[in-house]
Amino acid sequence: VTAVHVAVGGLTHVEPENLKFWYEELTKGTRLAGSALLVEKRPTQVQCRKCGREFSVVANSFVCAACGVADVRLATGGEVILESIEVEE
Amino acid sequence: VKVKLGIDLDAAGKDIAASIRALLARERVLALNLIGSPGCGKTALLEATIPELTKTLSVVVIEGDIATSRDADRIRATGVPCHLINTGGTCHLPPNLIAQALQEVDLASTDLLFIENVGNLVCPSTQDVGEDAKVAVLSLPEGDDKVLKYPRLFREASCVVLNKVDLAEVLRFRREQLFADLAQVKHGLPVFELSALTGVGCAEWIEWVRGLCRKKCGRPSAPSRRRKV
(Lines give C-alpha, C1' and ligand atoms only; values in the text may rest on other atoms or scores of the structure.)
Protein backbone atom coordinates (compact mmCIF):
# COMPACT_ATOMS: atom_id res chain seq x y z
CA VAL A 1 0.00 0.00 0.00
CA THR A 2 1.49 3.32 -1.02
CA ALA A 3 -1.35 5.67 -0.13
CA VAL A 4 -4.57 5.75 1.85
CA HIS A 5 -7.30 8.26 1.07
CA VAL A 6 -9.66 9.34 3.83
CA ALA A 7 -12.49 11.87 3.57
CA VAL A 8 -13.75 13.69 6.65
CA GLY A 9 -16.84 15.88 6.87
CA GLY A 10 -16.73 19.48 8.01
CA LEU A 11 -18.70 18.78 11.17
CA THR A 12 -16.44 16.02 12.43
CA HIS A 13 -13.84 17.06 14.93
CA VAL A 14 -11.16 15.27 12.95
CA GLU A 15 -8.11 17.43 12.38
CA PRO A 16 -6.21 16.22 9.27
CA GLU A 17 -2.69 17.00 10.52
CA ASN A 18 -3.37 15.23 13.78
CA LEU A 19 -4.75 12.20 11.94
CA LYS A 20 -1.65 12.07 9.71
CA PHE A 21 0.65 12.26 12.73
CA TRP A 22 -1.00 9.31 14.45
CA TYR A 23 -1.29 7.34 11.22
CA GLU A 24 2.47 7.62 10.80
CA GLU A 25 3.07 6.59 14.41
CA LEU A 26 0.67 3.65 14.38
CA THR A 27 1.80 2.22 11.05
CA LYS A 28 5.48 2.10 12.02
CA GLY A 29 6.72 -1.47 11.73
CA THR A 30 3.60 -2.60 9.87
CA ARG A 31 2.98 -3.25 6.18
CA LEU A 32 1.50 0.24 5.97
CA ALA A 33 4.73 1.89 7.15
CA GLY A 34 5.80 4.65 4.80
CA SER A 35 2.46 4.88 3.03
CA ALA A 36 0.93 8.31 2.70
CA LEU A 37 -2.32 9.21 4.41
CA LEU A 38 -4.21 11.76 2.34
CA VAL A 39 -7.05 13.45 4.19
CA GLU A 40 -9.66 15.40 2.32
CA LYS A 41 -11.68 17.67 4.57
CA ARG A 42 -15.03 18.11 2.89
CA PRO A 43 -17.34 21.07 3.37
CA THR A 44 -20.58 20.53 5.22
CA GLN A 45 -23.37 20.28 2.66
CA VAL A 46 -26.95 21.06 3.60
CA GLN A 47 -30.30 21.38 1.91
CA CYS A 48 -32.85 24.06 2.82
CA ARG A 49 -36.11 22.52 4.01
CA LYS A 50 -38.11 25.49 2.72
CA CYS A 51 -36.81 26.00 -0.83
CA GLY A 52 -34.73 22.88 -1.46
CA ARG A 53 -31.60 24.88 -2.25
CA GLU A 54 -28.35 23.02 -1.58
CA PHE A 55 -25.37 24.91 -0.24
CA SER A 56 -22.08 24.58 1.64
CA VAL A 57 -21.85 25.82 5.19
CA VAL A 58 -19.40 28.71 5.49
CA ALA A 59 -18.25 30.09 8.87
CA ASN A 60 -20.78 27.90 10.66
CA SER A 61 -23.74 29.69 9.18
CA PHE A 62 -26.52 27.27 8.24
CA VAL A 63 -28.71 30.13 6.98
CA CYS A 64 -30.14 29.74 3.48
CA ALA A 65 -29.27 32.83 1.41
CA ALA A 66 -32.66 32.72 -0.33
CA CYS A 67 -34.90 32.11 2.71
CA GLY A 68 -32.81 33.80 5.42
CA VAL A 69 -33.51 30.95 7.83
CA ALA A 70 -31.30 28.11 9.13
CA ASP A 71 -33.87 25.37 8.56
CA VAL A 72 -31.77 22.77 6.83
CA ARG A 73 -31.29 19.07 6.43
CA LEU A 74 -27.72 17.84 6.69
CA ALA A 75 -26.54 16.16 3.49
CA THR A 76 -22.91 15.54 4.39
CA GLY A 77 -20.64 16.74 7.17
CA GLY A 78 -20.44 14.08 9.89
CA GLU A 79 -18.73 11.36 7.88
CA VAL A 80 -15.30 9.75 8.17
CA ILE A 81 -14.78 7.51 5.17
CA LEU A 82 -11.95 5.34 3.95
CA GLU A 83 -12.35 6.21 0.28
CA SER A 84 -9.57 4.25 -1.38
CA ILE A 85 -6.10 2.83 -1.16
CA GLU A 86 -3.29 2.84 -3.69
CA VAL A 87 -1.32 -0.38 -4.02
CA GLU A 88 1.81 -1.40 -5.91
CA GLU A 89 1.59 -4.67 -7.76
CA VAL B 1 -3.37 0.81 -8.71
CA LYS B 2 -6.16 2.58 -6.90
CA VAL B 3 -8.70 0.43 -5.08
CA LYS B 4 -12.01 2.09 -4.24
CA LEU B 5 -13.35 1.16 -0.81
CA GLY B 6 -15.86 3.69 0.55
CA ILE B 7 -15.83 2.23 4.05
CA ASP B 8 -17.53 4.21 6.82
CA LEU B 9 -14.94 4.23 9.60
CA ASP B 10 -17.63 4.87 12.20
CA ALA B 11 -19.87 2.01 11.06
CA ALA B 12 -19.39 -0.01 14.25
CA GLY B 13 -20.49 2.87 16.47
CA LYS B 14 -23.47 3.64 14.24
CA ASP B 15 -24.55 -0.02 14.33
CA ILE B 16 -24.54 -0.05 18.14
CA ALA B 17 -26.46 3.23 18.28
CA ALA B 18 -29.05 1.83 15.86
CA SER B 19 -29.51 -1.30 17.97
CA ILE B 20 -29.95 0.82 21.12
CA ARG B 21 -32.53 2.95 19.28
CA ALA B 22 -34.41 -0.18 18.22
CA LEU B 23 -34.33 -1.57 21.76
CA LEU B 24 -35.65 1.69 23.24
CA ALA B 25 -38.38 1.80 20.58
CA ARG B 26 -39.45 -1.75 21.42
CA GLU B 27 -39.47 -0.98 25.13
CA ARG B 28 -41.09 2.42 24.54
CA VAL B 29 -38.49 4.30 26.55
CA LEU B 30 -37.70 7.93 25.77
CA ALA B 31 -33.97 8.65 26.01
CA LEU B 32 -32.60 12.17 26.43
CA ASN B 33 -28.86 12.77 26.20
CA LEU B 34 -27.83 15.79 28.31
CA ILE B 35 -24.68 17.49 27.05
CA GLY B 36 -22.98 20.53 28.57
CA SER B 37 -19.86 21.86 30.24
CA PRO B 38 -18.69 20.73 33.67
CA GLY B 39 -20.63 22.83 36.16
CA CYS B 40 -23.38 23.99 33.79
CA GLY B 41 -25.96 22.26 35.98
CA LYS B 42 -26.83 19.01 34.23
CA THR B 43 -27.12 17.14 37.51
CA ALA B 44 -28.82 20.11 39.18
CA LEU B 45 -31.40 20.18 36.37
CA LEU B 46 -32.19 16.51 37.01
CA GLU B 47 -32.32 17.01 40.78
CA ALA B 48 -34.67 19.95 40.36
CA THR B 49 -37.07 18.27 37.93
CA ILE B 50 -37.03 14.54 38.73
CA PRO B 51 -39.42 14.94 41.72
CA GLU B 52 -42.03 16.46 39.39
CA LEU B 53 -41.37 14.08 36.47
CA THR B 54 -41.67 10.98 38.65
CA LYS B 55 -45.23 11.94 39.57
CA THR B 56 -46.29 10.62 36.16
CA LEU B 57 -43.27 8.81 34.74
CA SER B 58 -40.78 6.23 35.87
CA VAL B 59 -37.31 7.66 35.40
CA VAL B 60 -33.86 6.08 35.18
CA VAL B 61 -30.55 7.94 34.86
CA ILE B 62 -27.29 6.82 33.30
CA GLU B 63 -24.62 9.04 34.78
CA GLY B 64 -21.35 9.53 32.94
CA ASP B 65 -18.34 10.85 34.79
CA ILE B 66 -14.61 10.52 34.43
CA ALA B 67 -14.26 9.82 38.15
CA THR B 68 -16.21 9.68 41.43
CA SER B 69 -19.81 8.77 42.17
CA ARG B 70 -20.65 12.29 43.30
CA ASP B 71 -23.24 12.99 40.61
CA ALA B 72 -24.67 9.48 40.81
CA ASP B 73 -25.08 9.87 44.58
CA ARG B 74 -26.99 13.11 44.06
CA ILE B 75 -29.29 11.43 41.53
CA ARG B 76 -29.87 8.40 43.79
CA ALA B 77 -30.84 10.79 46.59
CA THR B 78 -33.84 11.81 44.46
CA GLY B 79 -35.02 8.20 44.66
CA VAL B 80 -34.60 7.12 41.04
CA PRO B 81 -32.28 4.31 39.88
CA CYS B 82 -28.96 5.59 38.60
CA HIS B 83 -26.38 3.60 36.69
CA LEU B 84 -22.92 5.13 36.97
CA ILE B 85 -20.37 4.88 34.18
CA ASN B 86 -16.92 6.03 35.24
CA THR B 87 -15.04 6.47 31.99
CA GLY B 88 -11.66 6.78 33.67
CA GLY B 89 -10.65 9.63 31.40
CA THR B 90 -12.68 9.28 28.26
CA CYS B 91 -14.32 12.60 27.53
CA HIS B 92 -17.71 11.29 26.37
CA LEU B 93 -20.03 8.29 26.64
CA PRO B 94 -19.60 6.06 23.56
CA PRO B 95 -22.53 3.92 22.38
CA ASN B 96 -20.90 0.63 23.46
CA LEU B 97 -20.80 1.77 27.11
CA ILE B 98 -24.45 2.83 26.91
CA ALA B 99 -25.40 -0.55 25.44
CA GLN B 100 -23.55 -2.25 28.29
CA ALA B 101 -25.23 -0.09 30.94
CA LEU B 102 -28.67 -0.75 29.45
CA GLN B 103 -28.26 -4.46 30.15
CA GLU B 104 -28.61 -3.58 33.80
CA VAL B 105 -31.57 -1.24 33.40
CA ASP B 106 -35.10 -2.56 33.87
CA LEU B 107 -36.40 -1.08 30.62
CA ALA B 108 -39.77 -2.76 30.91
CA SER B 109 -40.61 -0.57 33.87
CA THR B 110 -38.96 2.60 32.57
CA ASP B 111 -40.59 5.46 30.67
CA LEU B 112 -37.85 8.02 30.61
CA LEU B 113 -34.09 7.54 30.49
CA PHE B 114 -31.76 10.47 31.06
CA ILE B 115 -28.20 10.01 29.89
CA GLU B 116 -26.08 12.62 31.62
CA ASN B 117 -22.96 12.80 29.50
CA VAL B 118 -19.45 13.63 30.66
CA GLY B 119 -19.10 17.42 31.07
CA ASN B 120 -17.83 18.53 27.67
CA LEU B 121 -19.21 20.65 24.82
CA VAL B 122 -17.16 18.94 22.12
CA CYS B 123 -16.88 15.14 21.95
CA PRO B 124 -20.33 14.05 23.22
CA SER B 125 -21.94 16.09 20.44
CA THR B 126 -20.43 13.82 17.76
CA GLN B 127 -21.57 10.56 19.36
CA ASP B 128 -24.92 9.03 18.53
CA VAL B 129 -25.78 6.81 21.49
CA GLY B 130 -29.24 5.86 20.25
CA GLU B 131 -30.98 8.68 22.10
CA ASP B 132 -34.24 10.29 20.97
CA ALA B 133 -32.89 13.77 21.50
CA LYS B 134 -29.74 15.55 22.53
CA VAL B 135 -30.26 18.37 25.01
CA ALA B 136 -27.67 21.15 25.03
CA VAL B 137 -27.34 22.50 28.57
CA LEU B 138 -25.65 25.88 28.71
CA SER B 139 -25.32 28.11 31.75
CA LEU B 140 -24.98 31.87 31.87
CA PRO B 141 -21.52 31.98 33.52
CA GLU B 142 -20.08 30.21 30.45
CA GLY B 143 -20.78 33.29 28.35
CA ASP B 144 -23.19 34.33 25.62
CA ASP B 145 -20.75 33.47 22.79
CA LYS B 146 -20.72 29.68 23.02
CA VAL B 147 -23.14 28.71 20.25
CA LEU B 148 -20.85 29.61 17.36
CA LYS B 149 -17.77 28.34 19.22
CA TYR B 150 -19.31 24.87 19.60
CA PRO B 151 -21.69 24.75 16.61
CA ARG B 152 -21.89 20.97 16.31
CA LEU B 153 -23.60 20.58 19.68
CA PHE B 154 -26.27 23.14 18.88
CA ARG B 155 -26.79 21.61 15.41
CA GLU B 156 -27.31 18.18 16.97
CA ALA B 157 -29.46 19.38 19.88
CA SER B 158 -33.24 19.20 19.87
CA CYS B 159 -33.49 21.89 22.52
CA VAL B 160 -31.35 24.15 24.66
CA VAL B 161 -31.63 24.42 28.42
CA LEU B 162 -30.24 27.80 29.46
CA ASN B 163 -29.51 27.40 33.14
CA LYS B 164 -28.68 29.89 35.92
CA VAL B 165 -30.85 32.68 34.52
CA ASP B 166 -31.06 34.01 38.08
CA LEU B 167 -27.51 35.33 37.47
CA ALA B 168 -28.38 37.28 34.31
CA GLU B 169 -28.02 40.71 35.83
CA VAL B 170 -24.73 40.26 37.60
CA LEU B 171 -23.17 38.53 34.56
CA ARG B 172 -24.51 41.06 32.02
CA PHE B 173 -25.42 38.14 29.79
CA ARG B 174 -26.36 39.29 26.27
CA ARG B 175 -29.39 37.15 25.67
CA GLU B 176 -29.89 38.60 22.17
CA GLN B 177 -26.39 37.45 21.18
CA LEU B 178 -27.23 33.89 22.11
CA PHE B 179 -30.49 33.92 20.18
CA ALA B 180 -28.88 35.54 17.11
CA ASP B 181 -26.22 32.80 17.06
CA LEU B 182 -28.79 30.04 17.52
CA ALA B 183 -30.76 31.42 14.56
CA GLN B 184 -27.62 31.09 12.46
CA VAL B 185 -27.11 27.45 13.41
CA LYS B 186 -30.57 25.93 13.76
CA HIS B 187 -33.98 27.44 13.18
CA GLY B 188 -36.76 26.84 15.67
CA LEU B 189 -34.68 25.30 18.46
CA PRO B 190 -36.68 25.53 21.71
CA VAL B 191 -34.79 27.31 24.49
CA PHE B 192 -35.80 26.73 28.09
CA GLU B 193 -34.55 29.62 30.17
CA LEU B 194 -34.54 28.41 33.74
CA SER B 195 -32.77 28.21 37.04
CA ALA B 196 -32.38 24.75 38.53
CA LEU B 197 -31.52 26.50 41.78
CA THR B 198 -34.62 28.68 42.15
CA GLY B 199 -36.93 26.54 40.03
CA VAL B 200 -37.96 29.42 37.79
CA GLY B 201 -38.72 28.28 34.23
CA CYS B 202 -38.50 24.54 35.04
CA ALA B 203 -42.20 23.92 34.32
CA GLU B 204 -41.76 24.55 30.56
CA TRP B 205 -38.86 22.10 30.38
CA ILE B 206 -40.85 19.47 32.26
CA GLU B 207 -43.79 19.96 29.90
CA TRP B 208 -41.50 19.52 26.88
CA VAL B 209 -40.11 16.27 28.30
CA ARG B 210 -43.61 15.00 29.11
CA GLY B 211 -44.75 15.86 25.59
CA LEU B 212 -41.98 13.72 24.08
CA CYS B 213 -42.81 10.87 26.47
CA ARG B 214 -46.46 11.04 25.50
CA LYS B 215 -45.45 10.64 21.84
CA LYS B 216 -42.97 7.83 22.43
CA CYS B 217 -44.54 5.73 25.18
CA GLY B 218 -48.14 6.98 25.28
CA ARG B 219 -47.59 8.25 28.79
CA PRO B 220 -48.24 10.09 30.98
CA SER B 221 -51.89 9.64 30.10
CA ALA B 222 -52.83 8.38 33.53
CA PRO B 223 -50.90 8.16 36.79
CA SER B 224 -47.83 5.98 36.31
CA ARG B 225 -48.49 2.28 36.34
CA ARG B 226 -44.84 1.90 37.17
CA ARG B 227 -44.66 -1.39 35.32
CA LYS B 228 -45.62 -1.55 31.68
CA VAL B 229 -47.44 -4.57 30.29
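These numbers come from a predicted model, not from an experiment.

Trainee: Give a description of a nonpolar patch on the surface that names residues and reports values.
Mentor: Taken together, the side chains of V1(B), V3(B), L5(B), I7(B) and L9(B) define a hydrophobic patch exposed on the protein surface, amounting to about 400 Å² of accessible area. The exposure class of L5(B) is partly exposed, given its relative accessible area of 34%.

Trainee: Can you tell me about helix α8 (residues 175–185) of chain B, naming the residues and giving the values?
Mentor: Residues and elements named next belong to chain B. Buried within α8 are the following residues: L178, D181, L182 and V185. All buried residues of α8 fall inside an arc of 105° around its axis, so they share one side. Elements that come into contact with the buried residues of α8 comprise β6 (133–139), α5 (146–149), α6 (151–156), β7 (157–163) and β8 (191–193).

Trainee: Please give an account of the nonpolar core that cites residues and values.
Mentor: Residues and elements named next belong to chain B. L32, L112, F114 and W205 are the most contacted members of the largest nonpolar core, which has 31 residues in total. At the level of secondary structure, the elements contributing two or more residues to this core comprise β2 (30–36), α2 (42–53), β3 (59–65), α3 (70–77), β5 (112–116), β6, β7 and α9 (202–217). Sort the elements by how many residues they give to this core and α9 lands first, with 7 residues. When residues no more than four places from it in sequence are discounted, the contact partners of L112 are V29, L30, L32, L53, L57, S58, V59, V60, V209 and C213. In terms of nonpolar packing, the next biggest core, distinct from the first, is built from 26 residues, L140, V147, V160 and L178 among them.

Trainee: Residues and numbers for the packing of aromatic side chains, please.
Mentor: As enumerated under the stated definition, the model contains 4 aromatic pairs over all chains in all. With a centroid separation of 5.1 Å and 85° between ring planes, the pair formed by F21(A) and W22(A) is classed as edge-to-face. The class for F21(A) is partly exposed, based on a relative accessible area of 44%. Note on F192(B) and W208(B): the rings are 5.7 Å apart at their centroids and 55° apart in plane angle, and the pair reads as tilted. Here F192(B) is found in strand β8, whereas its partner W208(B) is found in helix α9, with 16 residues between them in sequence. Of the two residues, F192(B) and W208(B), both sit in the buried class. The structure contains a cluster of three or more aromatic residues connected by ring pairs, namely F192(B), W205(B) and W208(B). Residue placement shows R155(B) over the ring face of F62(A); its charged tip is 4.6 Å from the ring centre.

Trainee: Pulling in residues and values, what's your account of the sheet that holds β3(B)?
Mentor: All names here are of chain B. The strand order β4-β3-β5-β2-β6-β7-β8 describes an open sheet built from 7 strands, whose pairing is parallel. Two strands lie at the open edges of the sheet, namely β4 (82–86) and β8, each paired on one side alone. Strand-to-strand twist in this sheet, taken as the mean axis angle between neighbours without regard to direction, amounts to 20°. Bridge count between β7 and β8: 3 bridges; the pairing is parallel. Across the sheet, L162 pairs through a bridge with E193, a residue of β8. Contacts between α2 and the sheet are confined to β2, β3, β5, β6 and β7, with β5 contributing the most and set at about 170° to the helix.

Trainee: Let's hear about the pattern of salt bridges: which residues, and what values?
Mentor: Under the criterion given, the structure shown has 21 salt bridges over all chains. Ionic contacts of the salt-bridge type, sharing partners, join the residues R21(B), D128(B), E131(B) and K134(B) into one network.

Trainee: Break down the interface of chain A and chain B for me, citing the residues and quoting the values.
Mentor: Contacts between chain A and chain B engage 23 residues on the former and 22 residues on the latter. When chain A packs against chain B, the two sides together hide about 2,000 Å² of surface, and 59% of this comes from carbon and sulfur. Of all residues in chain A, the largest losses of buried area upon contact with chain B belong to H13(A), N60(A) and L82(A), amounting jointly to 25% of the total for that side. There are 0 salt bridges connecting chain A and chain B. Put simply, chain A and chain B have 11 residue pairs in polar contact (both at pLDDT 80 or more) between them. Mapped onto the side of chain A that touches chain B, the elements with two or more residues apiece are β1 (3–9) and β6 (80–86) of chain A. Examining the composition of the side of chain A that touches chain B, we find that 7 residues originate from one element, β6(A), more than from any other. Its residues placed into classes, the side of chain A that touches chain B shows 13 nonpolar, 6 polar and 4 charged.

Scoring rules and cut-offs
Residues numbered from 1 in each chain as written. Chains lettered and ligands numbered in written order. Predicted model: local features only at pLDDT ≥ 70, side-chain atom pairs only at ≥ 80, totals over all residues. Heavy atoms only, no water. Patch = residues over 30% accessible without salt bridge, like charges linked within 9 Å, V, L, I, M, F, W, Y side chains within 5 Å. Areas by Shrake-Rupley, 256 points an atom, 1.4 Å probe, with all protein chains shown as cover. Salt bridge = Lys/Arg side-chain N within 4 Å of Asp/Glu carboxyl O. Buried < 20%, exposed > 50% of the residue type's maximum accessible area, 1.4 Å probe, protein only. Helix = DSSP H or I, 4+ residues; strand = E, 2+ residues; numbered from the N terminus. Arc of directions from axis to C-beta. Contact = heavy atoms within 4.5 Å. Core = buried A, V, L, I, M, F, W, Y, C linked by side-chain atoms within 4.5 Å. Phe/Tyr/Trp six-rings, centres within 6.5 Å; stacked < 30°, edge-to-face > 60°. Lys NZ or Arg CZ within 6 Å of the ring centre and 35° of its normal. Pairing = 2+ DSSP bridges. Axes fitted to C-alpha atoms, helices over the stretch in contact; angles between N-to-C directions. Buried area = accessible area lost by both parts, 1.4 Å probe. Polar contact = N/O pair within 3.5 Å; in protein donor to acceptor, adjacent residues only side chain to side chain. Nonpolar A, V, L, I, M, F, W, Y, C, P; charged D, E, K, R; others polar.

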